[in-house]
Each structure stands twice: as C-alpha cells, then as structure tokens.
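Summary of structural features
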Amino acid sequence: MSVSFAQQTITGKITDENDQSVPGANVFIKGSTTGTTSAADGSFSIRAASSDTLVFSFLGYKMAERRVGNATTLDISMEPDARTLNDVVVVGYGTTRKSDLTGSLASVTAKEFEKQPLTRMDQALQGRAAGVQVNQTSGAPGAGFKIRIRGANSISGDNAPLYVLDGLVVGDINSLNVNDIASMEVLKDASATAIYGSRGANGVILITTKQGRKGPAKVEFGYFTGISNVVQKLPFMTPAEFAEGVNFAEGKEFYTPQEIDALRNGGGENWQERFFKTAHSNNFQLSVSGGSDAMDYFISGNLYDTEGTIIDQDYRRYTLRANVNAQASKKIKVGLNTFLSHEKSSGNRVSLSGGLTWDPTTPAYDADGNFNFNTIKPGVGNGGINPLVGPLNNVRDAYDNRVTLSGYANYDISKNLVFNVSGGLDRFESEANSYVPLFVNNVGNARVFNSSVTRLQNTNRLTYTLDSNPNHVLKIDAVHEQQLVTRQSLEATASNFFSDLTAYRDLSLGSIQRTQNNQSDESLQSFLGRVNYALFDRFLFTASVRADGSSKFRPGNRWGVFPSGSVAWRLIEEDFIKNISTISNLKVRASYGLIGSQAIGARATRAIPIVSPDVNYPLTGGSNTVGVAPSSRLANPDLTWETTRQTNLGVDLGLWNSLLTLSLDLYHKKTTDLLLNSQLPSFVGPTVVTRNIGAVENKGFDISLGLRVLQNDDWNINSTLNVSRNRNKVLALVDDKPIELGNEYIGTTFPVNPTRVEVGKPISSFRGYLFDGVYQLDEADEAAKYGRKPGDAKYRDLNNDGIISTDDISTIGDGNPNFTWGWNWDVTYRQWNLNFLLTGSQGNDIYNFQRGRMMGLGSGQFHAVHADYLNRWTPDNPSNIPSSRNSIELLSSQFLEDGSYTTLKSVAFGRSFEGDLLRKVGISRLRLYLNADNLFILTKYRGFDPETTASGGSDVDLGIDYSTYPINRSFTLGVNVTF
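As recorded in an unreviewed UniProt entry, the protein goes by SusC/RagA family TonB-linked outer membrane protein and comes from Persicitalea jodogahamensis. Within the UniProt record for the protein, the comment given under Sequence similarities (unreviewed entry) is "Belongs to the TonB-dependent receptor family." The heading Subcellular location (unreviewed entry) in the UniProt record of the protein holds the text "Cell outer membrane".

Shown next, in the form of structure tokens:
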C-alpha cells in the first residue's frame, strides 16, 4: 500500500546572522531535482508535501534542512560557515584562507563582473586588481590585450604573465569564455610566484572555472545585442581647405578657384566617413549546472559574433565547456574539465596611416561607380592607391581552434595525507589565409600559414596537513611536474596567378611558389617543496623552493633553483588590537624570493645554419641548388636563467566590521643576467651572440581600498578603488650602450629609431629633437644660421655646433604611466542595480605619429590633411605650427602628447524580476539590462584614444600611435534568465 501526500505552497524568507536578506540561496526538496532560489529580499516559494524535507544552501553558510510537516511558512536564519566565509582563495598548487596568506595576491571573482556583458577575460580584470595593468591594444574584433603585473622585467623576452587554467599552464587565453570564470587570482610577489619557478617572473594569473553544485539542475541563459562606434574622430580639413593648403605648400596653383568652389559645394571625399561604420554584435550564452553527493557538473556554450568599426572585418567565436567532478569512492575524487573553441576572423581593415592621408579631393568612386584608383591630380596627398581598393577586394580568412583538457584524481591516503595527480593537454591551432587579387596589384599574391602549439603537463602532488592542534597548524607540499611544448609552423606562398578564381585555395596555379616550415620542442622538469606553518593562528610562515630543469639551456646550466620565504603577523589576534572595536582585521606581511625566466627560444644557445631559398644558387646554370649558409648567431653554451629578486612589504586592514578595507603593498624587483643580444666585430663572422648581461629594476606600490557604503534590506552599495604605481629603470646593458629594439615606423623617415633602451631610463623612452616652436619674423637672422627662415620649425641645438643633426636628438618622453587606477561601484536598490567602472592612467606620454603624418610629414606623404594646418604660420598668423615641411620634423617633441586619461570603462543598469508569475512558467529569475562601454574619455590627447597603441604587446616601444585601430564606444541591451 502506498501513501501519497498532497503538495502545498511553502513560503518564507532566508536571512543571515545579522537578519539581512540572503538573495540567490538554493532551496530544493531533499532527494529530488525540484528547487528554486530566493528573491532579492530573501523570500522564496516552493510546492512541497508535508513529508518532504527542504534543503537550504548558500556559499559561505552551513547547509540547513527543515521538514515541512504542517507548516506553510518557513523562515530560515542561515549560520555562517567559518571555513568558507573566510574567503578561500586559489594559490599555486592548492587553496588557502585569505586570512592565512603571507604573500601578495589580488582576487577577482565572478560576482564583481557578472552584471556586465563581457566577452574577454581582460575586461573582467581591468581596473579590478591592484598592481595589474591591463591595456586594450586594439579595437579590432577579436583582438588581443596586454597584461603586465608590476612592470616589465625583461628587455628581449616576453613580459606577459603565466596563465594557469584550472591547474594547467596554457598559452593564449583570448578564446576563453569569460562567463565560465568563477575567479581569477593574481600572484604578484616572489612568495606567491616563486612556486612556479622559471615561469613566474612576470607574475601568475590563476583562472578557476565554474563547477557544479549539489542541487537540482540550474539552467541559465543570456543574450545581448549591441552596436559600436569609434569613441571619437579626428579633425580634418574639408576638401576645399585641403586644396587651398596644397596651393600654399607648393607655392603655385595646383587647384584653380573654380575647382576649389566645386569642392566647397560638395565635391571630394570624407575618408573618415568611408572607413568607419556602426558595428553590430550578438552574444548567446547557455549553461546547465547541478549535482548530487556523488557527482556535480557544469556545462556551458557560447556564441559571440561581431563586426569591426573599421571596414572590413568580422569576427565569430564558438566555445563549449564541460566540467565534471565525481566522488568515485570514499577516498578517491576525480574530475575532468574540457574546453573547445573555434574562432574565425575575416576581411581586411583599412590602413589608417595611409588611408586618412589620401587625397580628399578625389572621390572614392567615379561617375560610373568604379574605383578612382589614383588621385585625380598626380602628386597630391600621398603616393598610395585608393585606400578602399585593398580592404574591399583582398581576401583574408583566419581560423583559430583550441582544445584544452585537464583532469585530476585525489586520493586520501589517510586523514592527514592526500595524493593528487593532475595533467592535461592544451592544443592551439591557427590558420591564416590571404589573397591579393590581380585587380589590386596585377600579380595576385596568395599565402597560407598554419601553426600549432601543443602543451602537455603532468603534476604529482603529495600534501601532508597537521591541524589537530589549532595552535600549531602545519601543511607540507611536495610536487613533481613535467611539461612538454611542441611548436610547428608551415608557410606557403605563391604569386603570378592568371586568375583570381581559386584565390589562396590552389597555390599550384601561381607560377612563383615558395614554402618553409619549422618545428621546435622544449621541455621542463620541476621539483617543488613548500611548507606553511601557523603558530597560534597569528604568526604565519611560508617557505618554498623550486628547481627547474629546462631543455633550452645546455647541460650544466639547465637547472635553476628558486627559493622564497614570507611571514605574516595577524595583529588582530593580539589582545592589544583585538580590544579596539574599530579594527576588525589587521595583518602585516613580508616576503622575499627569487624567480627565474627562460626568455629565449628553444635553440638560442646554438648556432643554427641558414637553410632557405635566399641562399640557393644555380650551380649548374639550371635550377637552384639548395644552399646552406653559416649562422649569423654565435653559439653560447653558457647561457642561463634571467633571475628576478623581489622584496614585498604589505599590510591588510579592516575597520568597523570590514566596512572599510585596505590592502597596501610596497615592492622592489631587480632582474639580473638579462638575456640580450651582443653585436660582434665583423671579422668574427657571426654578427651577434646572446649573453647573460644587463639588469632592470621595478619598484612601486599597490593599494586596494574597499568600502561598504550602505547595506540594509533595500540598499546595498559597495565601492572598490585600486591604485598602482610602478617605476621602471634599466640598470645595466651590454657595455652600458643604448640599444634600439622597437619597431620601425613610417618606413625610412626617421634618422634613428623613435624609442630606445638606455641605462638610467625606463625600458621604453622616446627619442627626438626638442621642438621650440616656429621661427618668427624677428628671428630671421637666427633662422638663417641654421639654413631656415621664418615659418620653419625651430629645434634646440643641444651641442651648440650651429647644426641641427642627429647629435641633437635626446630623450624627450616616456610611455610608462606614473600610476594607473580603477574605481568600481556596485549599487543595488531592491530589484534595481547600477554597476560602473572608471579607469585611468596618469603621466604617460604618447608619440602621435598619426597626427604627424596627417600634417604632411614622413616619406611618401606630400600634403597635410589635419585641421591644425589651417592655423599654419604666415606673416599675418604668427602661430607655432610650421608652414613648410622638413626631413626631421616628425621625430620631435612637437608630436609628443600627454596620454593621461580617465574613462567610464563600463556602466550597466538593470532590473531583476522574480515572483509566482515567473515561477509558473519555470523561471526563477529574469534580469533585463542596458550597458555602455567607453561612454566618455577625459583626456588632453588629440588622437583617436589614448589607450590603444601601434606597438601591441611590446614593452620596448610603448605609446606609439600610428595606424592604430581605435577602441569603440558600445551600447548593449541584454537579458539573463535563470530556470
């Protein structure tokens, strides 16, 4: 005989220990998949039988159970769980309580950014972590980003941080779905990063993805759509004004008055309007999560599709994730994380450097709708062809595919001893295909480039914990880790096609063909030991040592040993502090350690002979014979690690029950044995050798200030301010001679590189002539001494030799900021929420070569198009804008500008809906929102924007603005639904 109980509606409210509402708590019937979540005011409603037991759970609180019985109302007061409420954070090879940290770490959780429609992980990190500088280097769809932690250590090596995804070291993370991220921990000081040895010198970012939780299946769907435009445009002369400027510059009539009148009446072209467009984007996100005592799961899929704001580029990304954990037995727990992504970029963007300076008096199309290939008047503007021809006809298809698998098995050998085995695979494949058709260059050029990077990793960790006596807590980790990285590339090009029909899909149709490929392997073996000891829960000690053996170095130099140590004193546990009611937390920290870097290629210690078509020769007079040439690099078997020594002093303070929190860190880093190229005398044969020489210093501070402004049943207002300052200085170089490593800009225009690395200055400093304005009429005699006349640019003669030459070039600026900051606000009133982020950079210079090119300067540029030229010097207008061109004007402080800025990086305004009506259709929560990115930028900089840079991820030529893809202002409308 079976007995059934009728279901009834059970309502109630969930509160915390302070009688405050707990929104988003899970409520489900024990032993079933039926459940709901609490509303913003903590209320809930669920259908249950009198025999059922309701389970209540929320992160940071102990799980509670209540039998329904005859009750129709159940009010629950949840009890804090000290183990989870004390902010468990991820550290290298494990977790710890935030209160037990002895090193410097910044943590960003999904709760801090989930209210904004983000598409990249850098957006979640920017402005939210002190000591971390995040720059959006390009506004192109799918473009990457640049992250630096406490400055740049290496001159020739990569200064990007190490990324660890769920315990697996990975490479590029641009494809990562930000909606999958649960938290990001940034390890900054030596105590925190030395555990990663030779890979931790630039800091470490630990990314933890979301996992399932015990309870019924939870389905979440999100969608947003948006439009984007460039933040601001540049001031141009009208076509008629340009024509008048050409006549002035040439000193003769290129344009007749009748032609100028026709231009004034609507003729010519506005190239900015041609190049820039309103871009549309769409994002779909779906996830399912849940679990039981035996297993939990999190499955997520995402589709992001967007256009570029500069013609003509598009980007689409697909991602799929499945994270599964299972309790295989009482002693064994296993897990597997799977991530797949596919990215496609298509189209070619307009070159802004040449496009914006093309002749504005020539329309893009003629009367028949065909391209005006060349300028109507020869020798006007610049020497290029119509800037629309390439982007609208060239073919570019790029594909990126990623597979990341990571798994683990935990075996509880005993109560105090746990053995963990983990490992994984990260494989990234890239394909870049392009074709320039006959219509564009009369030849036809095709290129196919395929590359892949495969990372294999295995980590074996044994952890012993002794915590039976709370006054003496000991934790010991012993780790063995091994990693193999394989890189492959294949490039094939062809030209002289007779047809555009196949584009890059059949290179055999090109009469000139060329192929080359490359492969390299590198491996790393590591042993690690770490001890954590807590005495009376107030004195905390951490010591670690890691030994890395790298295949990049020769035997005898392969192994590097990197120790670190740190201490902390939890003063809040002392009676003389504990009795001060104002102070709720106080801890001081100190750490010191060594970190290494293997910032060289896999074969950098060897002299590799040159084998390429460039050294082939027709020895018999017929076809080429494959040639081999001596290496231009001298082998150096003595190369070894770059080493960074870092000292950190920190304090953590909480006041008025953590109403106000402060974290302050002071640090000093010194990197020695830099891996630099040294030039050799010509008689040696090889021209360069890599040596361990040189040193760089970084020092500064990080401040994180948190404020809980207001918290009650209706209001919840929180604010976090992060401020970072880093001063970078080169201490030593090869023979202490300056070196030039930056990119070449504007062809052969410059007599020297615009940036260089010099002892006593930051890694990147600007070079140029000191611009002192324009020679005026009363300075004619002085101008004549230098072969100039009134109206010409005036430069400072630094060596007083009466000649303006390269000897008068000096350091004129610095692309490094004095400090950066981010200020995040989250304001909630009942079901309404406002979240916004302000970011800024102060004290950095920008070399605005784009404006210089638009002023008619540089090789291949004939005339000015910038509106500043309207204010050029004339006898009646004694301005400081030169009226004539010269060969050195572009490389001068005339085009050095203050790059400081403050921007409203993002602002989101939304409303959540809950209630019986939604629950009847299976919806527990609905949120609608509006979002704006880069709503305004306050800056004196006169370019498109002060954040993007032509140098991308480079650290040796910071702050160059030339043909840079500007960032965008975006407006987004979205919805989030929880079932």
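Further notes follow.
Each strand in a sheet pairs with its neighbour through backbone hydrogen bonds, running either in the same direction (parallel) or in the opposite one (antiparallel). Across the sheet, which stays open at both edges, the four strands sit in the order S3-S2-S5-S6 with antiparallel pairing between neighbours. Of all the strands in the sheet, the pair left with one neighbour each is strand S3 (35-37) and strand S6 (64-67). Taken pair by pair, the neighbouring strands of this sheet meet at an average axis angle of 20 degrees, ignoring direction. Bridge analysis of strand S2 (residues 26-29) against strand S5 (residues 53-57) gives four bridges, and the strand direction is antiparallel. Residue pairing in the sheet places Asn26 in a bridge with Ser57 of S5.

Before going further, it helps to examine the packing of aromatic side chains. Taken as a whole, this structure holds 24 aromatic pairs when the rule is applied. Note on Tyr223 and Phe284: the rings are 4.7 Å apart at their centroids and 40 degrees apart in plane angle, and the pair reads as tilted. Remark: Phe284 occurs in strand S18 (residues 279-291) and Tyr223 occurs in strand S17 (residues 215-230); sequence separation between them is 61 residues. Summarising the aromatic geometry, the rings of Tyr769 and Tyr795 are spaced 5.8 Å apart at their centres and angled 55 degrees between planes, so their arrangement reads as tilted.

Attention now goes to the UniProt feature "domain: TonB-dependent receptor plug" (unreviewed entry) in the protein. UniProt annotation of "domain: TonB-dependent receptor plug" (unreviewed entry) refers to residues 98-204 when read in the numbering used here. Split by type, residues 98-204 is 8% helix and 26% strand. Its first and last C-alpha atoms lie 17 Å apart.

Before going further, it helps to spend a moment on the layout of surface pockets. Its boundaries defined by the atoms lining it, the second largest pocket holds a volume of some 1200 Å³. As for the second largest pocket, its lining consists of 44 residues, of which Asp158, Ala160, Pro161, Arg455 and Arg487 are closest to the centre. When residues of the lining of the second largest pocket are assigned to their parent elements, the largest contribution, four residues, is made by strand S25 (residues 472-495). Looking at the lining of the second largest pocket, its residues break down into 17 nonpolar, 17 polar and 10 charged.

Right, let's get into the environment of Phe771. Of note, Phe771 is situated in strand S39 (residues 771-774). Taking the C-alpha atoms as reference, Phe771 lies 31 Å from Val734; in sequence the two are 37 residues apart. Discounting chain neighbours no more than four positions away, the residues touching Phe771 are Ala793, Lys794, Tyr795, Asn880, Pro882, Ser892, Ser893 and Gln894.

All right, on to the pairing of strand S22 (residues 395-412) then. Bridge analysis of strand S21 (residues 332-346) against S22 gives 15 bridges, and the strand direction is antiparallel. Across the sheet, the residue bridging to His342 is Asn401, located in S22. Here S22 runs beside strand S23 (residues 417-436); their pairing, made up of 18 bridges, is antiparallel. From the neighbouring strand, Tyr399 faces S23, where its bridge partner is Glu431. The antiparallel hairpin formed by S22 and S23 contains four residues in its connecting segment.

Turning next to the sheet that holds strand S34 (residues 688-692). Here three strands make up an open sheet; going across it, the order is S30-S34-S33 and the pairing mixed. Where the open sheet ends on each side, the last strands, each with one partner, are strand S30 (633-634) and strand S33 (675-679). Where S33 lies against S34, five bridges are found, and the strand directions are antiparallel. Along S34, the bridge assignment pairs Leu675 with Asn692.

Moving on, we get to a nonpolar patch on the surface. Residues Trp656, Leu659, Leu707, Val709, Leu710 and Trp715 make up a contiguous nonpolar surface patch of about 500 Å² in total accessible area. Ranked by residue count, the leading element in the nonpolar patch is strand S35 (residues 695-711), at three residues. Its place among the elements puts Leu707 in strand S35.

Bringing the pattern of salt bridges into the picture now. Applying the stated criterion across every chain, the model contains 47 salt bridges. One salt bridge connects Arg264 with Glu244, and the closest N-O pair in it is separated by 2.8 Å. Taken together, the positions of Arg264 in helix H5 (residues 257-264) and Glu244 in helix H4 (residues 239-250) put the pair 20 residues apart, joining distant regions of the chain. Between Lys587 and Asp652 there is a salt bridge, with its nearest N and O atoms 4.0 Å apart. Residue Lys587 is found in strand S29 (residues 583-597), and its partner Asp652 is found in strand S31 (residues 642-655); the two are separated by 65 residues along the sequence.

Cut-offs and rules
- Residues numbered from 1 in each chain as written.
- Predicted model: local features only at pLDDT ≥ 70, side-chain atom pairs only at ≥ 80, totals over all residues.
- Heavy atoms only, no water.
- UniProt positions renumbered as here; feature names shortened; annotations may be inferred.
- Pairing = 2+ DSSP bridges.
- Helix = DSSP H or I, 4+ residues; strand = E, 2+ residues; numbered from the N terminus.
- Axes fitted to C-alpha atoms, helices over the stretch in contact; angles between N-to-C directions.
- Phe/Tyr/Trp six-rings, centres within 6.5 Å; stacked < 30°, edge-to-face > 60°.
- 1 Å grid on protein atoms, 1.4 Å probe; cavity = no way out; pocket = protein on both sides within 12 Å on 5 of 7 lines; lining within 4 Å.
- Points joined across faces, edges and corners; volume = space filled by probe spheres on them.
- Nonpolar A, V, L, I, M, F, W, Y, C, P; charged D, E, K, R; others polar.
- Contact = heavy atoms within 4.5 Å.
- Patch = residues over 30% accessible without salt bridge, like charges linked within 9 Å, V, L, I, M, F, W, Y side chains within 5 Å.
- Areas by Shrake-Rupley, 256 points an atom, 1.4 Å probe, with all protein chains shown as cover.
- Salt bridge = Lys/Arg side-chain N within 4 Å of Asp/Glu carboxyl O.

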